[in-house]
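One letter stands for each residue in the lines below.
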Amino acid sequence: MSVDGLDAETIFNTPCLGYDYEDLIALPGHATNSIEDVDLTSFFSRNIKLRTPIVASPMDTVCEGRMATCLALLGGIGVIHCNCDADSQAAEVLSVKRYMNGFIMDPHVLSVTNTVEDVDSIRRTRDVSTVMITEHGVMGSRLLGIVTARDVDFIEDRTTTLQEVMTPKSRMVCGHEPISLSEAQKKLQISKKGKLPIVNDAGELVAVVSRGDVKKSRGYPHASTDPNNQLLVAAACLPRPEEFQRVGQLVEAGADALVLDASHGDSVEQIEFLKRVKSEFPSLEVVCGNVVTPRQAKPLLDAGADALRVGMGTSSLFSRHEACAVGRPQASAVYHVARYAAEQYGIPIIADGAVASSQHIAMALTLGASSVMCGSLLAGTTESPGDAFFHDGRRLKVYRGMGLADALMQQGGAQDKHIIGAQPTAKSVRSAASCAVVDRGSAVSLIPYLMDGVKRDIRRLGVGSTWQLHDDLYNSSTRFHVRTGR
């Protein structure tokens, strides 16, 4: 029996032709799995694995702490934008890392001489109502008791010391080192308490486990988490020498990956910045880009990049007359760079741009991408930064690129030194683009809907996982037809 269609190698090595996602259609295979059984697990970077291959783009109208938290709970990851000062960006990263914990290593701690007013202050500033009481009011000191909202809610004299209202250690249930996270969580469930302090042999407080975190873990079984059960989060940074101090603050806040934010990745500036980051923070995952050819990718991969962003001239916000001048059709870019990075370095790539539907996500994965970065697709969700407004009876949200004239003039939300005081030039105005996108509701509903569409398309190819999808691509089992060519 003759084989229908063409393999990817034949299509993408046709001279003088480049293809976007819409130019190709994959031929179906023999489906052996149900849609629910399709496994979309893949890698965001060298060592970071995602259950949902969706990445929120580092744009100030797309991803801050709220979006990053939502995506991580759903199995993806968000990249906190850098269009703000380093302290603000680090605070957004910290908000994601503190949303869910395994062992809480830095709980709020007071001493017996503190007052109820101090607890009130923590509640106002940190939205935390449970405080551990230790001998010296710090972690590593001997545990004496605990104060919760139930202990202080009806205390009229707010200058009352915590010695008088705390629940003493003798009435508490504690875990003792050494103890695993699963053992601590099981003990917490049996005790029916809200918090489980972990102490050492000397009775000193070393960690805390929270019932709320256990409930979150059960409610989001596919969440992207680190070994301490904290949500994964990435942060963007401009690859400039003066921005290097920002990297240290992001690492201190707990960022799991750094995304170097540049439209053109193959530059001496980015390579030198990458080498410096890898030298001072060897365990930090670094995503480089953007690139569209293997020749661009090689210097970054040789310098130690843990993943690559692929896409240039394909963004929905990219100026048309410039997009046609420099770049590459996205399907061709994804295939060539993904194959080169996988076969020569074993490094995943992120398809960045030209994604407007679940079909585009499925095609990007089929052509070798390990994950897909979304901007406009997520900009209209409830979790994206900014307020919604109504126009002609439709609920809309603003979506803009990071180099826009209106962003340069913004004085409110973004307080970055590169933004404040900057004046729009003819060049910035010429390349500017901004629009309003239709409100899509919550990402909590949108992401599962998109993933159902992706799983449906992958199942029709006759595969059950992204690993098998990529194997079939490179061994020519996956066949394509060309709809158009340009």
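About the cut-offs
- Residues numbered from 1 in each chain as written.
- Predicted model: local features only at pLDDT ≥ 70, side-chain atom pairs only at ≥ 80, totals over all residues.
- Heavy atoms only, no water.
- Buried < 20%, exposed > 50% of the residue type's maximum accessible area, 1.4 Å probe, protein only.
- Helix = DSSP H or I, 4+ residues; strand = E, 2+ residues; numbered from the N terminus.
- Arc of directions from axis to C-beta.
- Contact = heavy atoms within 4.5 Å.
- Patch = residues over 30% accessible without salt bridge, like charges linked within 9 Å, V, L, I, M, F, W, Y side chains within 5 Å.
- Areas by Shrake-Rupley, 256 points an atom, 1.4 Å probe, with all protein chains shown as cover.
- Salt bridge = Lys/Arg side-chain N within 4 Å of Asp/Glu carboxyl O.
- Lys, Arg positive; Asp, Glu negative; His and termini not counted.
- Charge placed at Lys NZ, Arg CZ, Asp CG, Glu CD.
- Axes fitted to C-alpha atoms, helices over the stretch in contact; angles between N-to-C directions.
- Parallel < 35°, antiparallel > 145°, perpendicular 65-115°, else oblique.
- Left-handed = near helix turned anticlockwise from the far one by under 90°.
- Pairing = 2+ DSSP bridges.

K.L.:
Can you explain helix H11 (residues 294-302)? Please cite residues and give values.
P.N.:
If you check which residues of H11 are buried, you get Gln296, Ala297, Leu300 and Leu301. What you see down the axis of H11 is that its buried residues fit within an arc of 125°, all on one side. In this structure, the buried residues of H11 make contact with helix H10 (268-280), strand E16 (285-291), strand E17 (307-310) and helix H13 (330-345). Positioned one or two residues after H11, Gly304 has a phi angle of 110°, which is positive.

K.L.:
Lay out the environment of Arg240 in plain terms, naming residues and giving numbers.
P.N.:
In this structure, Arg240 sits in the loop between strand E14 (234-237) and helix H9 (244-253). As a C-alpha pair, Arg240 and Glu272 span 32 residues in sequence and 9.2 Å in three-dimensional space.

K.L.:
So, a negative patch on the surface: which residues are in play, and what are the values?
P.N.:
On the surface, a cluster of negative charge is contributed by Glu117, Glu156, Asp157 and Glu164. Position of Glu164 among the secondary structure elements: in helix H6 (residues 162-165). Take Glu164: its relative accessible area is 61%, and that puts it in the exposed class.

K.L.:
Explain the packing of helix H2 (residues 65-73) against helix H3 (residues 86-97) residue by residue, including any values.
P.N.:
Contact geometry for H2 and H3: axes closest at 9 Å, N-to-C directions at 30°. As judged from the angle between their axes, H2 and H3 are roughly parallel. Crossing angle aside, the handedness with which H2 passes H3 is right-handed. Taken together, the residues of H3 that come into contact with H2 (itself represented by Gly65, Ala68 and Thr69) are Glu92, Ser95 and Val96.

K.L.:
I'd like a rundown of the sheet that holds strand E13 (residues 205-210), residues and numbers included.
P.N.:
Taken in spatial order, the three strands line up as E11-E12-E13 in an open sheet, and their pairing is mixed. In the strand order of this sheet, the two ends are held by strand E11 (175-176) and E13, each with one partner. Looking at chain direction, strand E12 (residues 195-199) and E13 are connected through five bridges and run antiparallel. Within E13, the position partnered with Pro197 by the bridge is Val208.

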